[in-house]
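Fold and geometry: a report
The chain contents come next:
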Amino acid sequence: MNWEPILLTFKLASITTLILVCITIPLAHWLVHTKTKLKPVIETLVSMPLVLPPTVLGFYFLIAFSPGNFFGSWLNEWLGIKLVFSFSGLIIASVLYSLPFMMHPIQSGFASLPKTLTEASYVMGKSKTTTLLKVLLPNIKTSLLTGVVLSFAHTVGEFGVVLMIGGNIPGKTKVASIAIYDEVEALNYSAANFYSAVLFVITFCILLLVYLVNGGYLKKYWK
Amino acid sequence: MIQLNLNKVLDTADGKMNLALDIVIAEGAFVTLYGDSGVGKTSTLRMLSGLLNPDSGNVVVNGETWFNSEKKINKKPQFRNIGYVFQDYALFPNMTVRQNLEYASSKNNSSKKIEAIIEILELGKLQSKKPETLSGGQKQRVALGRALAQNPKILLLDEPLSALDIKARLKLQDYLLKVHREFNLTAILISHDIGEILKLSDYIYVLSSGKVIKEGNPQDVFAANNISGKFKFVGEILKIEPQDVVYVVTVLIQTNVVKIIAQESEIKEMNIGDKVMVASKAFNPVIFKI
């Protein structure tokens, strides 16, 4: 059996999740405390991938990244980056596509913490960064875990965006969900079944782990 | 010495209110801010600590300007070194009691200070516990200890004892007195409990809709006529009932309910819920062991 699409899927999901963790924590923290009037607009933009068909997102990425357009050709000429039908293009599309799944749990986690925790840390002479790392983040561990797992699982299950912008290049953009579609098209049901079963089992295990951890079922094994 | 000259428009339940204060607090004093909810007591503490910016005015502490609207000086809360005990305690749930204290104490602060605080506030047995497992009174002690661990010159107490039962409250008042003496602090307390104020503080500001309407020694402020009686307690009116030609006023003093006879002229300005002073002048009180 060819494991390549599955490995590619998890590589894509891991990198996407890592990037999302780095950008959503400051963004969510800022969004919870900001008083800007643009807040509802930003929140809407972040949530758009939840309701928009993935093909719409993929279509616009395809147009924007295409070397025939200004942005795409600028990237290609100045930075030497080609985002259409490439792995790096997939990553950028996945980051935007999975953004709400990371953003929402972290944002509500921050919002649920009493404001006095931050203030108490400030009057103790601690900087914003120290407060974030030592006080706020450790207290929203379950939200972080939920965000990480949901965006990982969501990226694994991504199909429409990948098909539009990544195409079906083995070893580069042929992730498991595309491979399944491909094998079914070729009436190769046993290969499709193999990919599907692997995805099914792995995603089941990931989600089960989240519910076990967040439900406190594993606490007795930690102490 | 703390000089506070603050102006701030606050949004309250009854619309906008202008908070305008001009007070000076001596070093080492134990001062109370007293008044109804929403008159600006907490906002005053927040402006002193830098968590809220005044619209105008200035804050000068021991000759150093912390805030000046004209010169655009505004020292960050991180650099004011104020010990703040929040009403909801604000203990960090992810840290144990000891870690809470250690987080608050700066790096150059020796662990001796933490040991001293743990001893004074009797936190020894709680050290390795997480805040969620503590009772209200214990959380309160930890919050107080944590505020002290940062070695502040000024201690702000925002109704720290209001959520506690009477027994825990009396104990913590003793802790507060001990701590105030021991660490040589200037303390500002917000409290509604007159007994507590009389016991703890040596100066009081009575606030009403953003302004100081009365100030002075707590005894003088609360005993308007300055009754010379040696036997006096502060309580709250629970009930006023007419009985023949007089009225029976039921008063709650700490945990005891007492009934007092009053004339119609005396109860005219009294309502249920009012704070009153019960004093005896002519009779000698009798004492029993129970």
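Residues numbered from 1 in each chain as written. Chains lettered and ligands numbered in written order. Predicted model: local features only at pLDDT ≥ 70, side-chain atom pairs only at ≥ 80, totals over all residues. Heavy atoms only, no water.

What follows deals with the packing of aromatic side chains. Residue and element names in this part refer to chain B. The full count for this structure, using the stated rule, is 10 aromatic pairs over all chains. On the basis of an interplanar angle of 80° and a centroid distance of 5.2 Å, the ring pair of Phe 92 and Tyr 103 is categorised as edge-to-face. Of this pair, Phe 92 sits in the loop between β7 (82-85) and α2 (97-104) while Tyr 103 sits in helix α2, and the two are 11 residues apart along the sequence. Residue class for Phe 92 comes out buried when judged on its relative accessible area of 0%. On the basis of relative accessible area, Tyr 103 is assigned to the buried category, the value being 9%. (Phe/Tyr/Trp six-rings, centres within 6.5 Å; stacked < 30°, edge-to-face > 60°. Helix = DSSP H or I, 4+ residues; strand = E, 2+ residues; numbered from the N terminus. Buried < 20%, exposed > 50% of the residue type's maximum accessible area, 1.4 Å probe, protein only.)

Residues and elements named next belong to chain A. Here the second largest pocket defines a volume of roughly 840 Å³. When residues of the lining of the second largest pocket are traced back to their parent elements, those giving at least two are α8 (141-156), α11 (189-214) and α12 (219-222). Across the lining of the second largest pocket, the residue classes tally to 11 nonpolar, 6 polar and 7 charged. (1 Å grid on protein atoms, 1.4 Å probe; cavity = no way out; pocket = protein on both sides within 12 Å on 5 of 7 lines; lining within 4 Å. Points joined across faces, edges and corners; volume = space filled by probe spheres on them. Nonpolar A, V, L, I, M, F, W, Y, C, P; charged D, E, K, R; others polar.)

Here we take up the packing of helix α1 (residues 4-33) of chain A against helix α5 (residues 87-112) of chain A. The description of two helices packed together rests on the angle between their axes and the distance between the axes. Residue and element names in this part refer to chain A. Taken N-terminus to C-terminus, the directions of α1 and α5 make an angle of 45°; their axes are 6 Å apart at the nearest point. What the angle tells us is that α1 and α5 run oblique. In terms of crossing hand, the pair formed by α1 and α5 is right-handed. When its residues are assigned to classes, the contact of α1 with α5 shows 22 nonpolar, 7 polar and 1 charged. (Axes fitted to C-alpha atoms, helices over the stretch in contact; angles between N-to-C directions. Parallel < 35°, antiparallel > 145°, perpendicular 65-115°, else oblique. Left-handed = near helix turned anticlockwise from the far one by under 90°.)

Let us look at the environment of Met 102 of chain A. All names here are of chain A. Residue position: Met 102 is located in helix α5. Looking at Met 102, the relative accessible area reads 0%, which means it is buried. For the pair Met 102 and Gly 147, spaced 45 residues apart in sequence, the C-alpha separation works out to 4.2 Å.

All right, on to empty space enclosed by the protein then. The gaps left among the atoms become clear once a water-sized probe is rolled over them. With the rule as written, the count across this model stands at 1 cavity of 30 Å³ or more. The volume enclosed by the largest cavity comes to roughly 40 Å³. Around the largest cavity sit Ala 120, Val 123 and Met 124 of chain A together with Gly 83, Tyr 84, Phe 86, Ala 143, Arg 146, Ala 147 and Gln 150 of chain B, which together line it. Those elements giving two or more residues to the lining of the largest cavity turn out to be α6 (115-123) of chain A together with β7 and α4 (136-149) of chain B. Per element, the largest residue contribution to the lining of the largest cavity is 3 residues, and it comes from α4 of chain B.

In this section: the sheet that holds strand β12 (residues 231-243) of chain B. Residues and elements named next belong to chain B. Read from one edge to the other, the open sheet built from 4 strands follows the order β14-β13-β12-β15, with strand pairing classed as antiparallel. What marks the edges here is a single partner per strand, and that holds for β14 (256-262) and β15 (275-280). Between one strand axis and the next, the sheet turns through 50° on average, direction left out of account. (Pairing = 2+ DSSP bridges.)

Right, let's get into unusual backbone geometry. Residues and elements named next belong to chain B. Of note, the phi angle at Asn 151 is positive, near 60°, even though the residue is not glycine. By secondary structure assignment, the location of Asn 151 is in the loop between α4 and β8 (154-158). For Asn 151, a relative accessible area of 37% corresponds to the partly exposed category. Positive phi, normally seen in glycine, also occurs at Ser 209, with a value near 30°.

The subject of this paragraph is the side chain of Lys 41 of chain B. Inspection of the secondary structure puts Lys 41 of chain B in helix α1 (residues 41-49). No salt bridge is formed by the buried Lys 41 of chain B. Its closest oppositely charged neighbour is Glu 159 of chain B, at 5.0 Å. (Lys, Arg positive; Asp, Glu negative; His and termini not counted. Salt bridge = Lys/Arg side-chain N within 4 Å of Asp/Glu carboxyl O.)

Take the confidence of the model for chain B next. Here chain B averages 86 in pLDDT, and 92% of its residues register 70 or above. Here the complex is predicted with pTM 0.79, and the ipTM for its interfaces comes to 0.79. (pLDDT = per-residue confidence, 0-100.)

Attention now moves to the sheet that holds strand β3 (residues 30-34) of chain B. Consider a sheet: its strands pair through backbone hydrogen bonds, and that pairing is either parallel or antiparallel. Residue and element names in this part refer to chain B. Read across the sheet, 6 strands follow the order β7-β8-β9-β3-β10-β11 without closing on themselves; strand pairing throughout is mixed. Here the strands that pair on one side only, and so sit at the sheet edges, are β7 and β11 (211-216). When the angles between neighbouring strand axes are averaged without regard to direction, this sheet yields 20°. Strand direction decides the pairing type here: strand β10 (residues 203-208) and β11, joined by 5 bridges, are antiparallel. Bridge assignment links Val 206 to a residue of β11, and that residue is Lys 214.

Before going further, it helps to examine the pattern of salt bridges. All told, the structure shown has 12 salt bridges over all chains when counted by the stated rule. Asp 182 of chain A is paired through a salt bridge with Lys 174 of chain A; the nearest N and O atoms lie 3.2 Å apart. In this structure, the salt-bridge partner of Arg 98 of chain B is Glu 102 of chain B, at a minimum N-O distance of 3.1 Å. Of this pair, Arg 98 of chain B and Glu 102 of chain B are both found in helix α2, 4 residues apart, which corresponds to roughly one turn of the helix. Taking relative accessible area as the criterion, Arg 98 of chain B reaches 19% and is therefore assigned buried.

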